[in-house]
Amino acid sequence: MANPSPAKSIGDPGITPLSPTHIQNESDHVPDRPSFVVVVAIDFGTTSSGYAYAFTKEPECIHTMRRWEGGDPGVSNQKTPTTILLTPDRKFHSFGYAARDFYHDLDPQESKHWLYLEKFKMKLHTTANLSIDTELQAANGKRVKALDIFAYALAFFREQALKELSDQTGGEFDNNDVRWVITVPAIWKMPAKQFMREAAYKSGLVSRDNPEQLIIALEPEAASIYCRKLRLHQMVDLSGQRSTQNGVSPTESLGTTMAQVKESVRKNRQSRTFLVENVIGELWSELQEGDRYVVVDCGGGTVDLTVHQIRLPEGHLKELYKASGGPYGSIGIDYEFEKLLCRIFGQDFIDQFKLKRPAAWVDLMIAFESRKRAAAPERTNPLNINLPFSFIDYYKKYRGHSVEHALRKSNVDFVKWSSQGMLRMSPDAMNSLFKPTIDHIIQHLQELFSKPEVSDIKFLFLVGGFAESPLLQAAVQDMLQGQSRIIIPHDVGLTILKGAVLFGLDPSVIKVRRSPLTYGVGVLNRFVEGKHPPEKLLVKEGTRWCTDVFDTFISADQSVALGEAVKRSYTPAKPAQQVIVIHVYCSEKEVVSFISEPGVKKCGTLKLDVSGTESTAPRREIQTLLQFGDTEIRAMAIDVSTGRTVRASIDFLSH
């Protein structure tokens, strides 16, 4: 049977909205927040992850997690790599450095059977029809359910954090006393956010009966909240308007400033507790009511841009333009390096090597990572990358000639072979690997800054792990030409983590957000000659209806206040009906008239469980409230005739 137009199948039971009204802050519908003893935030990153926490009794003390075992040379190990290892029978084995080191030490014959995964978070952004059954591919080519992997990772953090909290408090720490916060990119669509929530339920982080215990935080928002608290000694001001470290004159090169900052950060790193001043940071004291700033969160997988405006005196934040960005994180540079290796050694060899020697491939990428961090605009000496012995060995077996021969034969003249078994890359060669990713970011910033809502930006905060790259910093400075001050917090990779803890302590700090998409449902309206297209006419019991009408809940880039709800009323078609199912549609366009327009797609279902609320009223009216002002979309419903609450849920994952 051909699919009927969704509006007809819904319209048939006569679900017509009764009262399309917009209501503001009905405080009586906000459930009382249970009291938590501690807030634990998990920054689940593409390349690295970690957690931090604060007790609600001393919110100004943010503790970052214990040091991880087995850090990398030249890389601060406040966070651990987002890598996970499963045994050959698919049981969780280890996470982070432990997973990487164990996998690396396995016998090559044996390692083929173990499942090793890294950089898997991007799959949630890039999968078009994300569902509970979406799969990931391990290094050995085997496929596993993404939900299992995310749940294993969250369970690992739950265990680590609870263990640390128990040690801190000297007793068994109860998970019910924790409010959990998980960070996600702001540009993620609803299915990806819901996927994280489902993984949290599966991992035992929180239970379905208590969804309030978990908050999804948006990464750049978290960074923004933290940046409000910055003191001058906790950041670098790239605009050179003032020295940030005692005794460094603004004329000295950025390189020296950054080096000194790193040194002071290293000294302070012994302490894992950060004091967040309760006063608003000094930087903030320069902001006046209505000032605007941009947060650019440059992570491993994505770059997220948020525009906020300050509302004094409380320092609440208002979003001025819908979150934007894209998959332009630092792993783009790794892909460019891989493409370069394919040009030199052949795609067929690289593909084979990754499959047959997965642990050695991981080694090679770790070696590249530390050199990648040494890239800088003014660098003149070459960067050496260690080639694992098994790469050299396997290449000779595979091709019948040496790696050295391949380099000489390839037309890549800026990569040379050094007799110590290394690839020597000229600084220009390394910079060219950064170029496509940085160009994307700059192009995106230019587009953002050309929007009318994004004029007069006072500060640009550069945060996230990739923000440490001098090449990226120089490109942003070059683009802005001094029109905004560029601020980089110290320990920039932990900015989001600390901000997420602050957000968990007070989720209402962001008062106004912008909807990233237009959302609505399909309904029947009375047919109006001349206004409605004739092909949409449906005659039912003598009444002329127009089908497929898009009833807009909220438009893309529309401002929504926290707690603001869209109110609609629906009627069950038959008195005995148990569940009302309504399809939710979305579009990137701001104005949508029909659900059949190009660019409009079905993105979710709203379910109203009306069982057990049978009433004698001749026509039952189910009043539905949809909240769009939070980081997730929420639904609530009431049976008007009885005043009883109706179970309402909105699902973006089942197709």
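Here the structure is a predicted model, which is why all the values come from computation and not from measurement.

S.K.: So what exactly am I meant to see when it comes to the overall build of the protein chain here?
M.R.: In terms of helices and strands, the protein chain carries 17 helices and 33 strands. Relative to its 655 residues, the protein chain shows a buried fraction of 55%. Taking as baseline every contact in the protein chain between residues at least 6 positions apart, the subset at least 24 positions apart corresponds to 71%. Taken as a whole, the protein chain presents about 28000 Å² of accessible surface, with 50% of it coming from carbon and sulfur.

S.K.: How should I be thinking about the packing of aromatic side chains in this particular structure?
M.R.: Overall, the coordinates contain 31 aromatic pairs when judged by the stated rule. Judged by centre distance (6.0 Å) and plane angle (85°), the ring pair of Tyr 53 and Phe 55 falls under edge-to-face. Each member of the pair, Tyr 53 together with Phe 55, is buried. Summarising the aromatic geometry, the rings of Phe 102 and Trp 114 are spaced 5.2 Å apart at their centres and angled 50° between planes, so their arrangement reads as tilted. Here Trp 114 lies in the loop between α3 (108-111) and β8 (115-118) and Phe 102 lies in helix α2 (residues 97-105), a separation of 12 residues in the sequence. Put simply, the rings of Phe 345, Phe 349, Phe 353, Phe 391, Tyr 394, Tyr 395 and Tyr 398 touch in pairs and so form one group of aromatic residues. Between Arg 526 and the ring centre of Trp 545, over which it is positioned, the NZ or CZ distance is 5.3 Å.

S.K.: It is not clear to me how the state of the cysteines should be interpreted in this structure. Could you clarify?
M.R.: Each disulfide is one covalent bond, formed between the sulfur atoms of two cysteines. In total, this model carries 0 disulfides according to the counting rule given. Unpaired in this structure, Cys 603 has its nearest cysteine sulfur neighbour in Cys 586, at a distance of 3.5 Å. For Cys 603, a relative accessible area of 16% gives the class buried.

S.K.: Could you clarify how one ought to interpret the packing of helix α10 (residues 331-345) against helix α11 (residues 347-356) in this entry?
M.R.: The contact between α10 and α11 brings their axes to 7 Å, and the two run at 120°. Between α10 and α11, the interaxial angle falls into the category oblique. Contacts from Glu 338, Leu 341, Cys 342 and Phe 345 in α10 reach Gln 347, Asp 348, Phe 349, Ile 350 and Lys 354 in α11. Looking at the contact of α10 with α11 residue by residue, the classes come out as 5 nonpolar, 1 polar and 3 charged.

S.K.: Teacher, can you tell me more about the sheet that holds strand β27 (residues 559-561) here?
M.R.: Strand pairs in the sheet, formed through backbone hydrogen bonds, run parallel or antiparallel to each other. Across the sheet, which stays open at both edges, the 8 strands sit in the order β13-β22-β21-β15-β16-β17-β23-β27 with mixed pairing between neighbours. Only two strands of the sheet have a single neighbouring strand rather than two, namely β13 (235-237) and β27. Averaged over all pairs of adjacent strands, the angle between strand axes in this sheet comes to 25°, irrespective of strand direction. In terms of strand pairing, β13 meets strand β22 (residues 485-489) through 3 bridges, oriented antiparallel. Of the residues in β22, the one forming a bridge with Val 236 is Ile 488. Where helix α15 (residues 427-449) meets the sheet, its contacts fall on β15 (292-298), β16 (303-311), β17 (316-326) and β21 (457-463), and the angle it forms with β16 comes to roughly 30°.

S.K.: Honestly, unusual backbone geometry in this entry has me stumped. Any pointers?
M.R.: Working note: non-glycine residues mostly have negative phi, and peptide bonds are mostly trans. The phi torsion at Arg 90 lies on the positive side, around 65°, for a residue other than glycine. Residue classification places Arg 90 among the partly exposed positions, given a relative accessible area of 36%. If you check the backbone angles, Glu 541 has positive phi at about 50° while not being a glycine. With respect to the helices, strands and loops of the structure, Glu 541 is situated in the loop between β25 (537-540) and β26 (543-554). Accessibility expressed as a relative area gives 79% for Glu 541, which makes it exposed.

S.K.: Just to check I follow, could you spell out the sheet that holds β8 for this structure?
M.R.: Strand order in the open sheet formed by 3 strands is β7-β6-β8, with antiparallel pairing between adjacent strands. The open sheet is flanked by β7 (92-95) and β8, the only strands paired with a single partner. Shown here is a sheet whose adjacent strand axes are inclined to one another by a mean of 20°, direction ignored. The sheet contact formed by strand β6 (residues 83-86) and β8 spans 4 bridges and is antiparallel. Bridged to Leu 86 within β8 is Leu 115.

S.K.: Where do I start with the pairing of strand β19 (residues 415-418) in this structure?
M.R.: Moving residue by residue along a regular strand, the side chains alternate between the two faces of the sheet. As defined by bridge partners, β19 adjoins strand β20 (residues 422-425) across 4 bridges and the pair is classed as antiparallel. Residue pairing in the sheet places Trp 417 in a bridge with Leu 423 of β20.

S.K.: Looking at this structure, I do not really get the side chain of Ser 324. What am I missing?
M.R.: Note on placement: Ser 324 falls in strand β17. In this structure the side chain of Ser 324 is engaged in a polar contact, spanning 3.5 Å, whose partner is the side chain of His 444. With residues near it in sequence (within four places) discarded, Ser 324 still touches Ile 187, Val 303, Asp 304, Leu 305, His 444 and Leu 448.

S.K.: What should I look at first to understand the pairing of strand β3 (residues 48-55) in this one?
M.R.: Burial runs high along β3: 7 of the 8 residues are buried. The pairing of strand β2 (residues 38-44) with β3 spans 7 bridges and is antiparallel. Across the sheet, residue Ile 42 finds its bridge partner in β3, namely Tyr 51. Where β3 meets strand β5 (residues 80-81), 2 bridges bridge the pair, whose relative direction is antiparallel. When the sheet's bridge partners are listed, Ser 48 is paired in β5 with Pro 81. Here β3 pairs with strand β4 (residues 61-64) via 2 bridges, running antiparallel.

S.K.: So what exactly am I meant to see when it comes to the pattern of salt bridges here?
M.R.: Between side chains of opposite charge, pairing is possible as soon as their charged atoms come close. Considering all chains together, one arrives at 27 salt bridges under this definition. Between Arg 197 and Glu 632 there is a salt bridge; the shortest N-O distance is 2.8 Å. Pair noted here: Arg 197 is in helix α6 (residues 190-203) and Glu 632 is in the loop between β31 (622-627) and β32 (634-639), with a separation of 435 residues, a long-range link. Both residues of the pair, Arg 197 and Glu 632, belong to the buried class.

S.K.: It is not clear to me how the environment of Ser 166 should be interpreted in this structure. Could you clarify?
M.R.: Along the chain, the position of Ser 166 falls in helix α5 (residues 146-169). For Ser 166, the residues in contact, after removing those within four places along its chain, are Gly 171, Glu 172 and Phe 173. Here Phe 173 takes part through its backbone nitrogen, which lies 2.9 Å from a polar atom of the side chain of Ser 166.

S.K.: Just to check I follow, could you spell out the nonpolar core for this structure?
M.R.: For soluble globular proteins, nonpolar side chains are generally found buried alongside one another. The biggest cluster of nonpolar side chains holds 149 residues, and the ones touching the most others in it are Phe 150, Trp 180, Phe 337, Phe 345, Leu 445 and Leu 460. It is α5 that contributes the most residues to this core, 11 residues altogether. Summarising the domain contributions, this core has at least three residues from each of domain 1 (38-219) and domain 2 (331-432). Of all hydrophobic cores here, the second largest spans 31 residues; its members include Val 549, Val 566, Leu 608 and Val 610.

Conventions used here
- Residues numbered from 1 in each chain as written.
- Predicted model: local features only at pLDDT ≥ 70, side-chain atom pairs only at ≥ 80, totals over all residues.
- Heavy atoms only, no water.
- Helix = DSSP H or I, 4+ residues; strand = E, 2+ residues; numbered from the N terminus.
- Buried < 20%, exposed > 50% of the residue type's maximum accessible area, 1.4 Å probe, protein only.
- Contact = heavy atoms within 4.5 Å.
- Areas by Shrake-Rupley, 256 points an atom, 1.4 Å probe, with all protein chains shown as cover.
- Phe/Tyr/Trp six-rings, centres within 6.5 Å; stacked < 30°, edge-to-face > 60°.
- Lys NZ or Arg CZ within 6 Å of the ring centre and 35° of its normal.
- Disulfide = S-S within 2.5 Å.
- Axes fitted to C-alpha atoms, helices over the stretch in contact; angles between N-to-C directions.
- Parallel < 35°, antiparallel > 145°, perpendicular 65-115°, else oblique.
- Nonpolar A, V, L, I, M, F, W, Y, C, P; charged D, E, K, R; others polar.
- Pairing = 2+ DSSP bridges.
- Polar contact = N/O pair within 3.5 Å; in protein donor to acceptor, adjacent residues only side chain to side chain.
- Salt bridge = Lys/Arg side-chain N within 4 Å of Asp/Glu carboxyl O.
- Core = buried A, V, L, I, M, F, W, Y, C linked by side-chain atoms within 4.5 Å.
- Domains from an automatic or database assignment.

Scope: geometric values only; no functional claims are made or implied.
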